[in-house]
Amino acid sequence: MQTDKKDIRSLSKEELRDFFVAQGDKAFRGNQVYEWLWNKGAHTFEDMSNLSKTTREMLMDNFVINHVKVDNMQCSSDGTIKNAVKLHDGLVVESVLIPTATRTTACVSSQVGCSLDCEFCATARLKRMRNLNPDEIYDQVLTIDRQSREHRNIPLSNIVFMGMGEPLMNYNNVQKAIDKITSEEGLGMSPKRITVSTSGIPKMITKLADDGVKFKLAVSLHSAIEEIRNRIMPFSKSFPLTDLRDSLQYWYSKTKSKVTFEYVIWKGINDDKKSIDALVKFCKYVPCKVNLIEYNPIDDGEFQQADEQATLNYIKALEANDITVVVRRSRGKDIDAACGQLANKS
């Protein structure tokens, strides 16, 4: 429901304190409200039980809480949960809880749709409608933390920004959300348990390094050969691999944090020796590890998972050069919750 009232979560703690003082109340009321909004995840002012009825009504008169709602929840046979998350303006994004035996990971979205045009990704076929606000990103994480506790009996362990959208095209809001998630006044999660995945925007990677972020960085590479990468990820024509390489070297020099390269191997596209050699060479520029990701089809035949032998060839070449490589098997494929499949089909 649209309203002219301001979302109270757009106010800082200091602004909340100032608001209460202006109302003739004590500044510490702002602290109480701030705790309800972020640490306790209150959905309504009525939830704020240690405030008087008069104070709660005054807040209702002045503000709204544009909390997200899970419009549809799907459970996979492997325990993965996909949420269709309805925003206050009726738009929908998707987020995913990915379980293993010992931990759970939240895969969250940063945009409605996507700014980029990767040919192999279902989300890229949706036009970008808007960036998510910090509270909308935070709400996805809070929701999945609650689902993790309810369905797996453990708190949320990790967060990956690998859902809908390019996080670095919504830089400020993603940063503000992570600040809240890692704050003791929010969820108190360690930034080391958060990975921001980008398709590779050099100037924004440089900015991350300059801003001294503590979270991990992953880059969707998929080819270290310029012409192939430009064909499957057309936006990358504006961001040559040499620029990406330089920005990643700068990132490591400032953060001393290894980069993760995400890499899907497709039949007839990047499953040959030339592609393998190019990846090995690119990996030597910066300390890194490689995640070889199982491909998840998106309704057409242009991109097909390469043969298992191609994956083995990559592993052999990378390990021979002392480059850490992990094969990631997809989760939640039966509910279109796997990597590259988030497309709001619901």
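Residues numbered from 1 in each chain as written. Predicted model: local features only at pLDDT ≥ 70, side-chain atom pairs only at ≥ 80, totals over all residues. Heavy atoms only, no water.

Naming follows an unreviewed UniProt entry, where the chain appears as Probable dual-specificity RNA methyltransferase RlmN of Myroides phaeus. Under the UniProt heading Sequence similarities (unreviewed entry), the entry covering the chain gives this text: "Belongs to the radical SAM superfamily. RlmN family." One UniProt comment on the chain, placed under Subcellular location (unreviewed entry), says "Cytoplasm". (UniProt positions renumbered as here; feature names shortened; annotations may be inferred.)

Those places that UniProt annotates as "binding site: [4Fe-4S] cluster" (unreviewed entry) correspond, in this numbering, to Cys114, Cys118 and Cys121. Inspection of the secondary structure assignment puts cysteine 121 in the loop between β7 (111–112) and β8 (130–131). (Helix = DSSP H or I, 4+ residues; strand = E, 2+ residues; numbered from the N terminus.)

Okay, the sheet that holds strand β14 (residues 324–328) next. Within the open sheet, the 10 strands sit side by side as β3-β4-β5-β6-β9-β10-β11-β12-β13-β14. Their pairing is mixed. At either margin of the open sheet sits one strand with a lone partner, and together these are β3 (69–75) and β14. Taken pair by pair, the neighbouring strands of this sheet meet at an average axis angle of 20 degrees, ignoring direction. Inspection of the sheet shows strand β6 (residues 104–107) paired to strand β9 (residues 158–161) by three bridges, in the parallel sense. Considered in β9, the bridge of threonine 105 is made with asparagine 158. On the sheet, helix α5 (residues 171–182) packs against β9 and β10 (194–198) and is oriented at approximately 170 degrees with respect to β10. (Pairing = 2+ DSSP bridges. Axes fitted to C-alpha atoms, helices over the stretch in contact; angles between N-to-C directions. Contact = heavy atoms within 4.5 Å.)

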